[in-house]
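Listed here are the chains, written in short residue letters.
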There are 2 protein chains.
Amino acid sequence: MTVNSAPTVVTLDIGGTTIKGALVASDGREITLLERPTGAAEGTDEVVRRVRAAARDLADAGTVGIGLSVPGIVDTAAGVARHAVNLGFRDTPLAALVAEEVGLPVVLEQDCRAAALAESEIGLGRDARDLMVVVLGTGVAAGLIVDGKVLPGAGGSAGELGHLPVYPDGEDCACGQRGCLEVYASASGIARRYAAAGGSFAGATAANVAASLDSDVVAARVWREATEALGLALATATLLLDPALIVLAGGLTGAGDTLLRPVRTELQGALAWRAAPSVANSPLGGTAGRLGAAILAWRAAGYTDVVSRELRDAV
Amino acid sequence: MTVNSAPTVVTLDIGGTTIKGALVASDGREITLLERPTGAAEGTDEVVRRVRAAARDLADAGTVGIGLSVPGIVDTAAGVARHAVNLGFRDTPLAALVAEEVGLPVVLEQDCRAAALAESEIGLGRDARDLMVVVLGTGVAAGLIVDGKVLPGAGGSAGELGHLPVYPDGEDCACGQRGCLEVYASASGIARRYAAAGGSFAGATAANVAASLDSDVVAARVWREATEALGLALATATLLLDPALIVLAGGLTGAGDTLLRPVRTELQGALAWRAAPSVANSPLGGTAGRLGAAILAWRAAGYTDVVSRELRDAV
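Notes on the structure follow. (Residues numbered from 1 in each chain as written. Chains lettered and ligands numbered in written order. Predicted model: local features only at pLDDT ≥ 70, side-chain atom pairs only at ≥ 80, totals over all residues. Heavy atoms only, no water.)

Looking at the overall build of chain A
Then, number 1: The secondary structure content of chain A amounts to 10 helices and 13 strands.
Then, number 2: By the compact-globule yardstick of 20 Å for 315 residues, chain A fits well, its C-alpha radius of gyration being 20 Å.
Then, number 3: Each of the 315 residues in chain A was classed as buried or not, and the buried ones make up 57%.
Then, number 4: At a minimum sequence separation of 6, the contacts of chain A that also span at least 24 residues come to 60%.
Then, number 5: Surface exposure of chain A reaches about 12100 Å², of which carbon and sulfur atoms provide 50%.
Then, number 6: Side chains of chain A carry 25 positive and 35 negative charges; the gap between the two charge centres is 1 Å. (Helix = DSSP H or I, 4+ residues; strand = E, 2+ residues; numbered from the N terminus. Rg over C-alpha atoms; globule rule 2.2 N^0.38 Å. Buried < 20%, exposed > 50% of the residue type's maximum accessible area, 1.4 Å probe, protein only. Contact = heavy atoms within 4.5 Å. Areas by Shrake-Rupley, 256 points an atom, 1.4 Å probe, with all protein chains shown as cover. Lys, Arg positive; Asp, Glu negative; His and termini not counted. Charge placed at Lys NZ, Arg CZ, Asp CG, Glu CD.)

Have a look at this one:
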């Protein structure tokens, strides 16, 4: 641990398999990076132990706050991870458990909402008061920014875009519903549907599918169905929320324009009487959740606008 | 016009066929009521003339502000009715045009958002920070309250629940899309589908259909399909917004439990892994838009919390 009296925050993005963290200076510079297995297979207590250890190991003498980004259903105000299947969280008071370890203010946020906050503060959403950040990874979920603020919902579970029933009589989803967006447009769904449709190469990932559209008719069909489903879900969200901007994030955006172009077309095609909002791929990549948690940590420690501006300039 | 120096506001709900207005005292009492044809067939200028006249005629010596509730796409901040097919509004600066007539602060709000505000302040939503008010009339639209505030969206068109594509390959909607909720679950849609399905009595309304479920298999099917579509759309909105409460309003709620019971069942049935929010019929009936516009008029005139409490007690 470096002795350093300049203010810093620790930010940890706790995923299903990996904890990715950083010690961040007030100019946005990441002083130390950390990447460790989450240890989810060893149970919730072990995950909590590793999160506490990661926070302690990253903190330095100047650290003024900790930001945590976790998947699932999160009660941000209470600092409680209500439910996260992969990590075994069930009403886990994660903020308090980490605060106990480090003796500092700790903020907990759901990963998509943290990503949306980062996008809103320092990413493409800097000029928008209303935007939606859609994270397309193993699953699909969204973080909503309404009038400049993150929308958690009454029970902390707003933004479940992945389970919108885009095709009410569609394919079964693991969640128990049918025709959910996630079935068609998540990375795992695309890989599974390609294999199920007799796609020609084994062990294909969504990235493989995206890279084979010109040469592989099965890949082309599965990808088209993914972007059609996504266009429909984004049309639904647009009609309800009227965002100025939709930002796509997560692993699937690695496909670049191969994703973006058809999604824009499908979205506008599903909206007969209003213009579609702008759709763009996130420039923040996989770090958005961590950046959002860092912003929250600075805020919790009383460093607000200045740091936000500095972080912005650092991106 | 009564000479009266106690503060009052004028509220006008401008519908496709009727202007319904009131002069409201600060204890919530409606001193004078007004109901006049909108005059939409005679063109937008005539509608504007009638709105101005209604405001002038209702105002008394104590009037401190005017609230207007109109359908369509509304820019509340600018006081502009962006678009309303039935009334011919097209970027019509209605708030300024009425202010010119009466020399008082004028607030313009979209009718569903005004209804949602009223529900949130003085109706069933008094204890909820996040709720959705669904107006089921000739068309279907929703007003959204997020963290205690009305959500207008980036372009003033949030809450277009009636055009959610609940069945992507469904029946054509007048809007140009397919399978919109409004096709199945609006009063006009129910009447039209009953007639198209060969329903046995001519000129049936949605209320007739709702009253005939036990004796008329066509009515029973059309009503079931309406509540199924509504349940799906409410599930979609729940997954995105996570409201604590959904309030049903508009003419269709005249069917009472005949509407409410199947909608609750369909909503929960469409949500496999989370509890449905509460669903209830509005106690405010057709006056919600007018009440919401009154609340906004009081606020615009600088009368805020006290009046809100008094209005609340008056309901």
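Topic: the sheet that holds strand β7 (residues 89–92) of chain B
All names here are of chain B.
Then, number 1: If you trace the 3 strands from one edge of the open sheet to the other, you get β5-β6-β7, paired in antiparallel fashion. The open sheet is flanked by β5 (73–75) and β7, the only strands paired with a single partner. Adjacent strand axes in the sheet meet at a mean angle of 15 degrees when their direction is disregarded.
Then, number 2: Examined bridge by bridge, strand β6 (residues 80–84) and β7 share 3 bridges and lie antiparallel to one another. Counted as the bridge partner of Ala81 is Thr92 from β7. (Pairing = 2+ DSSP bridges. Axes fitted to C-alpha atoms, helices over the stretch in contact; angles between N-to-C directions.)

A closer look at the relation of the copies chain A and chain B
Then, number 1: Mapping chain A onto chain B calls for a screw motion: a turn of 180 degrees about the axis and a shift of 0.0 Å along it, with 0.0 Å RMSD after fitting. On the angle and the small slide along the axis, the relation comes out as a two-fold axis.
Then, number 2: Mapped onto chain B, 100% of the interface residues of chain A again fall at the interface, so both copies present the same surface. (Least-squares fit on C-alpha atoms with pLDDT ≥ 70 in both.)

A look at the environment of Ala206(B)
All names here are of chain B.
Then, number 1: Tracing the backbone shows Ala206 in helix α6 (residues 206–211).
Then, number 2: When its relative accessible area of 6% is taken as the criterion, Ala206 is described as buried.
Then, number 3: Note: C-alpha distance between Ala206 and Leu239 (33 residues apart in sequence) is 28 Å.

Observations concerning the pairing of β6(B)
Residues and elements named next belong to chain B.
Then, number 1: Sheet topology note: the β5/β6 ladder contains 3 bridges and is antiparallel. Within β6, the position partnered with Asp75 by the bridge is Val80.
Then, number 2: Between β5 and β6, which follow one another and run antiparallel, lie 4 residues, and Gly79 among them has a positive phi close to 70 degrees.
Then, number 3: Counting the residues that bridge the hairpin from β6 to β7 gives 4 residues, and of these Gly88 lies at a positive phi of roughly 75 degrees.

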